[in-house]
Amino acid sequence: MAILNVLNYPDSRLHKIASIVEVVDSEIKAIIKDMTETMYAAPGIGLAATQVDFHKRIIIVDISEKQNDLIVLINPEILRTDGFQESEEGCLSVPGIYEKVKRASLIKVKALNIKGETFELEVDGKISICIQHEMDHLMGKVFVEYLSPLKKNRIKSKMIKRNKKSVAI
């Protein structure tokens, strides 16, 4: 297993739309293991393959305190949404930035698990937010794009400066 490099906003690769996973093979299982190690090391509660420059429809989430409740969703699709909630979100690709975003409060998702088996999941609260956030990454969208143009541009400028400093070090 390996810790993968997480792309930082506004890297253009974060806007690439992920393609369908045709077969859950050893390559897909290996990237999921690496993504899991990367997410836990960050530490984070969700990660999309897009964030580690692997443009397939794979997300992982684990909102547990002990990092022992990993959910793998391959080719996830939202079947149903209900209600709205607004909460503060952060992102491993936009480190140190937290802003309020509106999302559905309840979602029903269909996906494949790591064995390639289809399953459905109905969730609300924090896990619902996390899944929606990660699914946005698969569509090339970063959470800051829900914000006003002014906030988005400030964050973009801040991230560009931060990225330049980390390259210079």
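Relevant structure appears above.
Summarised in this report is the structure supplied together with it. Model, not experiment: these values are computed from the prediction.

Regarding the overall build of the protein
Looking only at helices and strands, one finds three helices and seven strands in the protein. For the protein, the N- to C-terminal ordering of α and β elements is α-β-β-β-β-β-β-β-α-α. Each principal axis of the C-alpha atoms in the protein carries an extent, and together these give about 45 × 40 × 30 Å. Put simply, the protein has 169 residues, and 45% of those count as buried. Considering only contacts in the protein between residues 6 or more positions apart, those separated by 24 or more positions represent 65%. Accessible area for the protein stands at about 9,100 Å²; split by element, carbon and sulfur atoms hold 51% of it. For the protein, the distance from the average position of its 25 positive side-chain charges to the average position of its 23 negative side-chain charges is 8 Å.

Brief notes about unusual backbone geometry
Trans is the common state for peptide bonds, and a negative phi is the common state for residues other than glycine. Pro10 follows Tyr9 through a cis peptide bond whose omega is 10°. Take Pro10: it is sitting in the segment before α1 (26–41). Of note, the bond from Ala42 into Pro43 is cis; its omega dihedral lies within 30 degrees of zero at -10°. Along the chain, the position of Pro43 falls in the loop between α1 and β1 (46–48).

Overview of helix α2 (residues 126–138)
In this model, α2 (13 residues) spans 19 Å end to end at C-alpha, consistent with the 18 Å of a helix rising 1.5 Å per residue. The buried fraction of α2 is high, at 12 of 13 residues.

Here we look at the pairing of strand β2 (residues 58–61)
The alternating pattern of β2 places Ile58 and Ile60 and Ile59 and Val61 on opposite faces, both of which are buried. Bridge analysis of β2 against strand β3 (residues 71–82) gives four bridges, and the strand direction is antiparallel. The residue of β3 that forms the bridge with Ile60 is Val72.

Observations concerning the side chain of Ser93
Along the polypeptide, Ser93 turns up in the loop between β4 (85–89) and β5 (99–103). Residue classification places Ser93 among the buried positions, given a relative accessible area of 0%. Non-local contacts of Ser93, meaning those with residues more than four positions away in its chain, are made with Val6, Leu7, Asn8, Tyr9, Leu14, Gln51 and Met159.

Rules used throughout
Residues numbered from 1 in each chain as written. Predicted model: local features only at pLDDT ≥ 70, side-chain atom pairs only at ≥ 80, totals over all residues. Heavy atoms only, no water. Helix = DSSP H or I, 4+ residues; strand = E, 2+ residues; numbered from the N terminus. Buried < 20%, exposed > 50% of the residue type's maximum accessible area, 1.4 Å probe, protein only. Contact = heavy atoms within 4.5 Å. Areas by Shrake-Rupley, 256 points an atom, 1.4 Å probe, with all protein chains shown as cover. Lys, Arg positive; Asp, Glu negative; His and termini not counted. Charge placed at Lys NZ, Arg CZ, Asp CG, Glu CD. Expected span 1.5 Å × (residues − 1). Pairing = 2+ DSSP bridges.

Any functional reading would require information beyond the geometric quantities listed.
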